[in-house]
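The residues making up each chain are set out below.
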Amino acid sequence: MPVVDIPGSKSVTARALFLAAAADGVTTLVRPLRSDDTEGFAEGLTRLGYRVGRTPDTWQVDGRPQGPAVPEADVYCRDGATTARFLPTLAAVGHGTYRFDASPQMRRRPLLPLTRALRDLGVDLRHEEQEGHHPLTVTASGVDGGRVTLDAGQSSQYLTALLLLGPLTRQGLRITVTDLVSVPYVEITIAMMRAFGVEVGREGNTFVVPPGGYRATTYAVEPDASTASYFFAAAALSGGEVTVPGLGEGALQGDLGFVDVLRRMGARVTVGAQGTTVRGTGELRGVTVNMRDISDTMPTLAAIAPFASGPVRIEDVANTRVKECDRLEACAENLRRLGVEVTTGPDWIEIQPRAGDVPAGAEIKSYGDHRIVMSFAVTGLRVPGVSFDDPGCVRKTFPGFHEEFGALRARL
């Protein structure tokens, strides 16, 4: 039975780096993800004057509750949305002038709801070119806190950034949310803040964060559930079996919910204390599924949909249009290249399998998006001749993906 060792979670590693930098004392992160995004985050902390010591299996961060150690810095956030959204928020706690920029891809991604909320809290934040986008400069003088209203309908990362900021403000924060996607990611944030000594309260749509700061700790990073989805999907598609240790009943990440979609399609799924196993049964049924809360796994489902016995319809995923690329259209375009019939709407995609028809091989257009490449690698298990225009973009979250997936393919 193939056991797949999935690298650490990107979202957990990014939050852990923020918390470690903000905490009083030295924090040890165990098995953090080493990828382009997380290395970029750690490098950003270093630019801001935090001490980050890295060995292969652990990273150690000297926390500074008072904010960055340097009075000015230039930080390049690469492609990382967590880096680009969390670090300016962290820098606001300090005293100095901090400039942030990012890759062309990240410059296109929106920031405005977070910018507005920070400004409402008195943060001096200036966008240099396009309002609501990188590059930006924070002229920091600490944050008092208080009440703020936020629209997190585009990205839950806006809310996470403010929640993480709360304990570092002088009065704490009361954040009233008007709209919210990807709720499980907010649950991850709150659970991790608890591990660093902070309890977030909730009154209806208002999140209450006390002042008083964080305590340093030793924190183990769980495997990435979004990344695991490709290996679980591979088992369901091939009729094989895959176990991912370290992602089980107590897992923080909502994206493990993808296995429930596979179960509805006919796969056998066991979620235990120590890990999760998916076994293909040779059957994949059509399904209509709301993926608002697990939208990062939408491309994974789209990639195996052509092999279902009936139509696959994915709904309520408008926010996938403002990720690394417009993922709805990227999935539709690539499925059409393979000869599959697809229709899309503002927040949905429907894929029509054709009985007995094997899609034709084609070059997949990656749009520089790691999740598009990893998803269509699964399609390639059943379709000969699938190739990628930019296979290397997987280094964003999983530099060794092609080797690991190739090894699994051989075992399946």
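Residues numbered from 1 in each chain as written. Predicted model: local features only at pLDDT ≥ 70, side-chain atom pairs only at ≥ 80, totals over all residues. Heavy atoms only, no water.

Side note on the domain arrangement of the chain
Right, so step 1: Looking at the assigned domains, one finds that the chain contains domain 1 (10-210) and domain 2 (225-410).
Right, so step 2: Between domain 1 and domain 2, the C-alpha centre-to-centre distance is 30 Å.
Right, so step 3: In this assembly, 23 residues from domain 1 lie in contact with 21 residues from domain 2.
Right, so step 4: Summing both sides of the interface, domain 1 and domain 2 together bury roughly 1700 Å²; the carbon and sulfur share of this comes to 49%.
Right, so step 5: It is Gln 105, Arg 109 and Tyr 185 in domain 1 that bury the most area against domain 2; as a group they hold 27% of the surface buried on that side.
Right, so step 6: For the pair domain 1 and domain 2, the interface holds 3 salt bridges. (Domains from an automatic or database assignment. Contact = heavy atoms within 4.5 Å. Buried area = accessible area lost by both parts, 1.4 Å probe. Salt bridge = Lys/Arg side-chain N within 4 Å of Asp/Glu carboxyl O.)

Examining the sheet that holds strand 10 (residues 201-203)
Working definition: the strands of a sheet are paired by backbone hydrogen bonds and lie parallel or antiparallel to each other.
Right, so step 1: Pairing in this open sheet of 4 strands is mixed, and the strands run 8-9-11-10 from one edge to the other. Two strands close off the open sheet at either side, each with one partner strand: strand 8 (146-152) and strand 10. Strand-to-strand twist of the sheet, defined as the mean angle between neighbouring strand axes without regard to direction, takes the value 25°.
Right, so step 2: In terms of strand pairing, strand 8 meets strand 9 (residues 173-180) through 7 bridges, oriented parallel. Considered in strand 9, the bridge of Ala 152 is made with Leu 180. (Pairing = 2+ DSSP bridges. Helix = DSSP H or I, 4+ residues; strand = E, 2+ residues; numbered from the N terminus. Axes fitted to C-alpha atoms, helices over the stretch in contact; angles between N-to-C directions.)

Thoughts on helix 5 (residues 112-120)
Right, so step 1: For helix 5, the set of buried residues is Pro 113, Leu 114, Thr 115, Ala 117 and Leu 118.
Right, so step 2: Of the surrounding secondary structure, the elements contacted by the buried residues of helix 5 are helix 3 (81-91), strand 6 (124-127), strand 8 and helix 6 (157-165).
Right, so step 3: A positive backbone phi angle near 95° is found at Gly 122, which sits one or two residues after helix 5. (Buried < 20%, exposed > 50% of the residue type's maximum accessible area, 1.4 Å probe, protein only.)

Considering the sheet that holds strand 2 (residues 51-54)
Right, so step 1: Taking strand neighbours across the sheet as the criterion, the 4 strands line up as 2-3-1-12 in an open arrangement whose pairing is mixed. The outermost strands of the open sheet, each flanked by one partner alone, are strand 2 and strand 12 (218-220). Adjacent strand axes in the sheet meet at a mean angle of 15°, parallel and antiparallel pairs treated alike.
Right, so step 2: Judged from the 3 bridges that link them, strand 1 (residues 26-30) and strand 12 form a sheet pairing that is parallel.

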